[in-house]
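# Fold and geometry: a report
As a plain string of letters, each chain reads:
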Amino acid sequence: TQLLEQSPQFLSIQEGENLTVYCNSSSVFSSLQWYRQEPGEGPVLLVTVVTGGEVKKLKRLTFQFGDARKDSSLHITAAQPGDTGLYLCAGAGYSTLTFGKGTMLLVSP
Amino acid sequence: DAGVIQSPRHEVTEMGQEVTLRCKPISGHNSLFWYRQTMMRGLELLIYFNNNVPIDDSGMPEDRFSAKMPNASFSTLKIQPSEPRDSAVYFCASSLDRDRPYFGPGTRLTVL
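The structure contained in this document is the topic of the report that follows. Every chain is numbered independently, its residues counted from 1 as its sequence is written. Numbering of ligands from 1 and lettering of chains from A proceed in the order in which they are written. Totals for whole chains, interfaces and linings use every residue, but because this is a predicted model, local features are given only for residues with pLDDT of at least 70 and side-chain atom pairs only at 80 or more, for both listing and counting. Just so you know, side-chain values use all the structure's heavy atoms and leave hydrogens and water out.

Another aspect to go through is the state of the cysteines. A pair of sulfur atoms, both from cysteines and within 2.5 Å, is called a disulfide here. Counted by the stated rule, this structure contains two disulfides over all chains. Each disulfide pairs two cysteine sulfurs, and for A:Cys23 the partner residue is A:Cys89, the sulfurs being separated by 2.0 Å. The sign of the 75 degrees torsion about the S-S bond sets the A:Cys23-A:Cys89 disulfide as right-handed. Of the two residues, A:Cys23 sits in strand S3 (residues 19-24) while A:Cys89 sits in strand S9 (residues 85-92), which places them 66 residues apart along the sequence. A:Cys23 gets classed as buried once you look at its relative accessible area, which sits at 0%. With a sulfur-sulfur separation of 1.9 Å, B:Cys23 is cross-linked through a disulfide to B:Cys92. Disulfide B:Cys23-B:Cys92: torsion about the S-S bond near -65 degrees, hence left-handed. With B:Cys23 in strand S3 (residues 19-24) and B:Cys92 in strand S9 (residues 88-95), this pair connects stretches of sequence that are 69 residues apart. Here B:Cys23 and B:Cys92 have matching classes, each one buried. Under the scheme used here, helices are H or I runs from DSSP no shorter than 4 residues and strands are E runs no shorter than 2 residues, and both carry numbers assigned from the N terminus. Type-normalised accessible area, obtained with a 1.4 Å probe on protein chains alone, sets the label of each residue: buried when under 20%, exposed when over 50%, and partly exposed for intermediate values.

Interpretation in functional terms is not warranted from these geometric data alone.
Structure representation (structure tokens):
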């Protein structure tokens, strides 16, 4: 069974602060995805990283895939209240996607 | 496109009752997934269909759960009989690519 551990589980910060959340596994994945889920809605895909060491940027969000393709990080610069939500990572392996439990981010004005 | 449509959005029922959740995938998508989300266990895959055929049902908790996909535009997830531990948010997702699911808004199920 491929497991993904996300940390921290919960993060509460003030608007304007920077933060990093992590997604770790002992398994190698062919690709890794990050989703954001807002209350009352389903997860929405933010980015897919495929190559070990790959870095992708989406406005204030920076995603990195570990060299060994076992871990990933998401860094948010100057967080805004609109960034509030549950951030999920998901790994693609031999079967369907495996999801982590997520990091709940609360950004206060 | 309207996206993945799920109904009902909320369901409250009593233990022992039958519950049926419905899903209309995005037109043209050939894969459909049912997931369950709880605080304790996160997002878990229950079953995955490809071209209306169940491919992987290893996540279905037990015989009380069943899923059907009679055609490309409709799927159901049935729980009979329901138990309080089935309380969760159930998501349907569809995709063209197995690794790129589009999620519906979910059905919040409460079993009393």
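Picking up after the structure, the text goes on.
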